[in-house]
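Observations on chain architecture
So you can see what is in the structure, the chains are spelled out below.
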Amino acid sequence: MRVHGAKNSTLPLLAACLLCGGECVLHNCPQLSDVGITIQILRHLGCQVQREGSTVTVDSSQIHNFDIPDEWMREMRSSIVFLGAILARTGKAELSFPGGCELGPRPIDLHLSALKKLGVQIHEDHGRLHCSVRHGLRGKNIGFSFPSVGATENVMLATVLAKGTTVITNAACEPEICDLAAFLNACGARVQGAGSSTIVIQGVEHLHGCEHHVIPDRIAAATLLSAAAVTGSGILLRGIEPAHLEPVLPVFEEAGCELIVRGKELTIMPPERLSPLQSVRTMPYPGFPTDAQAPIMAMACVAQGTSVFVENIFESRYKHVGELTRLGARIKVEGRVAVIEGVGHLSGASVQAADLRGGAALVVAGLAAEGVTQVNHVRYIDRGYEHLEQTLAQLGANIVRLDD
Ligand code: EPZ
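Here's what I pulled together on the structure shown here. Owing to the predicted nature of the structure, the values given are computational and were not obtained by experimental measurement.

About the thresholds
- Residues numbered from 1 in each chain as written.
- Predicted model: local features only at pLDDT ≥ 70, side-chain atom pairs only at ≥ 80, totals over all residues.
- Heavy atoms only, no water.
- Helix = DSSP H or I, 4+ residues; strand = E, 2+ residues; numbered from the N terminus.
- Rg over C-alpha atoms; globule rule 2.2 N^0.38 Å.
- Buried < 20%, exposed > 50% of the residue type's maximum accessible area, 1.4 Å probe, protein only.
- Contact = heavy atoms within 4.5 Å.
- Areas by Shrake-Rupley, 256 points an atom, 1.4 Å probe, with all protein chains shown as cover.
- Lys, Arg positive; Asp, Glu negative; His and termini not counted.
- Charge placed at Lys NZ, Arg CZ, Asp CG, Glu CD.
- Near = heavy atom within 4 Å.
- Polar contact = N/O pair within 3.5 Å; in protein donor to acceptor, adjacent residues only side chain to side chain.
- Nonpolar A, V, L, I, M, F, W, Y, C, P; charged D, E, K, R; others polar.
- Domains from an automatic or database assignment.
- Pairing = 2+ DSSP bridges.
- Core = buried A, V, L, I, M, F, W, Y, C linked by side-chain atoms within 4.5 Å.
- Axes fitted to C-alpha atoms, helices over the stretch in contact; angles between N-to-C directions.

Let us look at the overall build of the protein chain. Each helix and strand counted, the protein chain has 14 helices and 20 strands in total. The globule rule puts the C-alpha radius of gyration for 404 residues at 22 Å, and the 21 Å found for the protein chain is close to it. Overall, the protein chain is about 65 × 40 × 40 Å in size when its C-alpha atoms are taken along their principal axes. Going through the 404 residues of the protein chain one by one, you find that 56% of them count as buried. Residue pairs in contact within the protein chain that sit at least 24 positions apart in sequence constitute 69% of those at least 6 positions apart. A total of about 16000 Å² of accessible surface is found on the protein chain, and carbon and sulfur atoms cover 49% of it. Side-chain charges in the protein chain split into 33 positive and 40 negative, and the spacing between the mean points of these groups amounts to 5 Å.

Structure, rendered in structure tokens:
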């Protein structure tokens, strides 16, 4: 089974296309509703955008807007990653505070304090942010108190065309940051150190278009591996980047799965009965990814023994726990800690997705449950998984999509 391109790389890459003033071609872009919204925002800003299958072409030679309408900000909080790119291209930007979401508050204090340091004036008026750059963006030393992925991306996008050099310390190290740096450098930027916690960006005069292949989605891969493990199915994943899965593969091995990596392919052979997970702590990359917490918790629900999860990244990323217990899981949550007592089997029920990865976790659990499980609000799942039901059906799952 082929793994689709990374959602969390595609979104900042599409925003980065604004900086080139020419034509960019992105291959391996996943067909997801979040990508659809991002393309709408680019068109609203003035770009010509064509999609053919997984290839998206963006021509940003004509930009005639600098705002992101409120409804799109509400629908997709990660639109905040446009802020740095719009400012760098037009010198001004207007968008809303991205509000709270299913994962708890989504503050953007790190984004805003960094942009102010770079010379951006920001004032808030009834929930809208009015940003402007009077004398051009100037490179600065930016130190983050937390290695925020989005804030790192925003500073990179805001400073590749700035005057002077920017040094980001305590930068996010996720593979999506490296993918963004590779794209920007292919467009003529000078970004060094991506993937480490110190990134140096030397501002250049202008960027040109380029052609780029989006990295595979490591979270979609981890989700498919959880589905295989929870149903005791051996599967082969193609088009993965093994290095990006290093934080999650040991967890599958601890659960008793045998994993064979050959180039860009990964085969998983699960045991008869999964072993429990002593302690799964979500951390910034290269630690265990918070986005894989829910699907892997679904797998742990049927392990033989007790597993412990600690969610260190988001304040409330356990919305799937209540729904998993409706399927017969035994889970106790105390603050950031979730204790899962493995059960012999789960039983199908009607459950509700409340966020992207939690929704995927309910599908994973439903695959192992006896009887039929109906997962409602699949629109959350469509934000980050390309035709999940078709993918799982091709892997042998008995799964259909009903009209919402
Ligand atoms: C990105 O979100 C991903 N989204 C998330 O994936 C992912 O969970 C997250 O990184 C962590 O890996 C995209 O890339 C589009 P953060 P982002 O800034 O950038 C706090 C998914 O399921 N914080 O690293 O928003 C924040 O509240 C999504 O695909 C501040 O306090 O993540 C959170 O607790 C969900 N102030 C933590 O840092 C800020 O200014 C991590 O946030 C920014 C963040």
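Okay, the site of the ligand next. Taken together, 23 residues sit near the ligand, with Asp109, Leu110, Ser148, Asp291 and Ile313 positioned nearest. The separation between an oxygen atom of the ligand and a polar main-chain atom of Gly150 is 2.8 Å. At a separation of 2.8 Å, an oxygen atom of the ligand approaches a polar side-chain atom of Arg357. Protein coverage of the free-state accessible area of the ligand, which is 820 Å², stands at 85%. Listed by contribution, the elements that provide at least two residues to the shell around the ligand are helix H1 (7–16), helix H5 (109–117), helix H6 (149–159) and helix H12 (356–368). For the shell around the ligand, the element with the highest residue contribution is H5, accounting for three residues. Looking at the shell around the ligand, its residues break down into ten nonpolar, six polar and seven charged. Taken together, domain 1 (7–213) and domain 2 (218–394) each give at least three residues to the shell around the ligand, which thus spans both.

Here we take up the pairing of strand S18 (residues 337–341). Of the two faces of S18, only the one carrying Ala338 and Ile340 is buried; Val337, Val339 and Glu341 on the other face are not. Examined bridge by bridge, strand S17 (residues 330–334) and S18 share five bridges and lie antiparallel to one another. Bridged to Glu334 within S18 is Val337. Linking S17 back to S18 in an antiparallel pair, the connection comprises two residues, with Gly335 at a positive phi of about 65°.

Phe82, Leu83, Met156, Leu157, Phe183, Leu184 and Val191 are the most contacted members of the largest nonpolar core, which totals 76 residues. Looking at which element gives the most residues to this core, the answer is helix H2 (residues 33–45), with six residues. Dropping the residues within four chain positions of it, Leu157 is found in contact with Pro12, Ala15, Ala16, Leu19, Val81, Gly84, Ala85, Ala88, Leu180 and Leu184. Counting 68 residues, the second-largest nonpolar core is a separate cluster that includes Val251, Val343, Val363 and Leu392.

What follows covers the sheet that holds strand S1 (residues 23–27). The strand order across the open sheet formed by four strands is S2-S3-S1-S11, and the pairing between neighbours is mixed. Edge positions in the open sheet fall to strand S2 (48–52) and strand S11 (211–213), since each of these has one partner strand only. Averaged over all neighbouring strand pairs, the angle between strand axes comes to 15°, with direction disregarded. Here four bridges tie S1 to strand S3 (residues 55–59), and the two strands are oriented antiparallel to one another. In the sheet register, Glu23 faces S3, and the bridge partner there is Asp59. Set on the sheet, helix H7 (residues 175–186) makes contact with S1 and S11; between it and S11 the angle comes to about 160°.

Attention shifts here to the sheet that holds S18. Overall, mixed pairing links the four strands, which are arranged S15-S16-S18-S17 in an open sheet. Of all strands in the sheet, those with a lone pairing partner are strand S15 (280–281) and S17, marking the two edges. Strands strand S16 (306–310), S17 and S18 of the sheet are contacted by helix H10 (residues 293–300), whose axis makes an angle of about 170° with S16.

Don't take any of this as a statement about function, it's just geometry.
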